[in-house]
Amino acid sequence: SGDIRARGNAASRSASMVLELVNALDEERGGDLAINLRRIYDYTLTRINDGHRTGNAACFVDAARVLETLLESWQAIATPVAAPEPSAHEPIECSF
């Protein structure tokens with residue numbers, strides 16, 4: 001009974017977090033990116049619900065793996081690219 005309740009609480013919290021991501025989407029301004037993210041979030045919600053309904057931990061693992069991959073992608077995008085080193089050469093002055 002406690003395991004079922006704990007699983008239900010965890011599934012509810014997980015689904016709430018994914019729904020926050022869904023609600024943050026703006027498909028009008030985000031175009032294909034927002035549409036594709038919604039599809040990924042919908043899939044993740046389905047896996048969370050499947051895990052809760054069946055008790056199959058693999059469903060939760062699958063949902064977590066999808067979200068971890070998204071997190072890694074967003075982190076890679078957010079990582080600043082190092083600026084190239086300044087040239088060691090002096091600028092050339094030209095006059096006409």
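Criteria and thresholds
Residues numbered from 1 in each chain as written. Predicted model: local features only at pLDDT ≥ 70, side-chain atom pairs only at ≥ 80, totals over all residues. Heavy atoms only, no water. Helix = DSSP H or I, 4+ residues; strand = E, 2+ residues; numbered from the N terminus. Buried < 20%, exposed > 50% of the residue type's maximum accessible area, 1.4 Å probe, protein only. Areas by Shrake-Rupley, 256 points an atom, 1.4 Å probe, with all protein chains shown as cover. Polar contact = N/O pair within 3.5 Å; in protein donor to acceptor, adjacent residues only side chain to side chain. Salt bridge = Lys/Arg side-chain N within 4 Å of Asp/Glu carboxyl O. Core = buried A, V, L, I, M, F, W, Y, C linked by side-chain atoms within 4.5 Å. Contact = heavy atoms within 4.5 Å.

Student: Hey, could you run me through the overall build of the protein in this one?
Tutor: Each helix and strand in the protein was counted, giving three helices and zero strands. Reading the protein from its N terminus to its C terminus gives the helix and strand order α-α-α. Looking at the 96 residues of the protein, the share that counts as buried comes to 20%. For the protein, the computed accessible surface area is about 7,700 Å², with 56% contributed by carbon and sulfur atoms.

Student: Is there a simple way to think about the side chain of D62 in this case?
Tutor: Checked against the element boundaries, D62 lands in helix α3 (residues 57–78). Separated by 2.4 Å, the side chains of D62 and Y43 make a polar contact. There is a polar contact of 2.8 Å between the side chain of D62 and the side chain of R65.

Student: I'm lost on the pattern of salt bridges in this one. Help?
Tutor: As a working rule, side chains carrying opposite charge can pair if their charged atoms are close by. In total, this model carries six salt bridges according to the counting rule given. Note that R47 and D50 form a salt bridge whose closest N and O atoms lie 3.6 Å from each other. Of this pair, R47 and D50 both sit in helix α2 (residues 27–54), three residues apart, which is roughly one turn of that helix. With a shortest N-O distance of 3.1 Å, D50 and R53 are connected by a salt bridge. Separated by three residues within a single helix, D50 and R53 lie in helix α2, roughly one turn from each other. Because the salt bridges share partners, they merge into one network encompassing R47, D50, R53, D62 and R65.

Student: Whenever I open this one, the nonpolar core confuses me. Can you help?
Tutor: One broad trend across soluble globular proteins is that nonpolar side chains are buried collectively. If you look at the biggest cluster of nonpolar residues, it comprises 12 residues: A11, A15, V18, V22, L25, A34, L37, Y41, L45, I48, A63 and L70. Those elements giving two or more residues to this core turn out to be α1 (2–24), α2 and α3. Element by element, the count of residues in this core is highest for α2, at five residues. Once residues within four sequence positions are removed from consideration, A11 is found in contact with I48, H52 and F60.

Student: Would you mind going over the side chain of T44 with me for this structure?
Tutor: By the element assignment, T44 lies in helix α2. Relative accessible area serves as the criterion here: at 0%, T44 is assigned to the buried category. Apart from the residues lying within four places of it in its own chain, the contact partners of T44 are V18, A63, V66 and L67.

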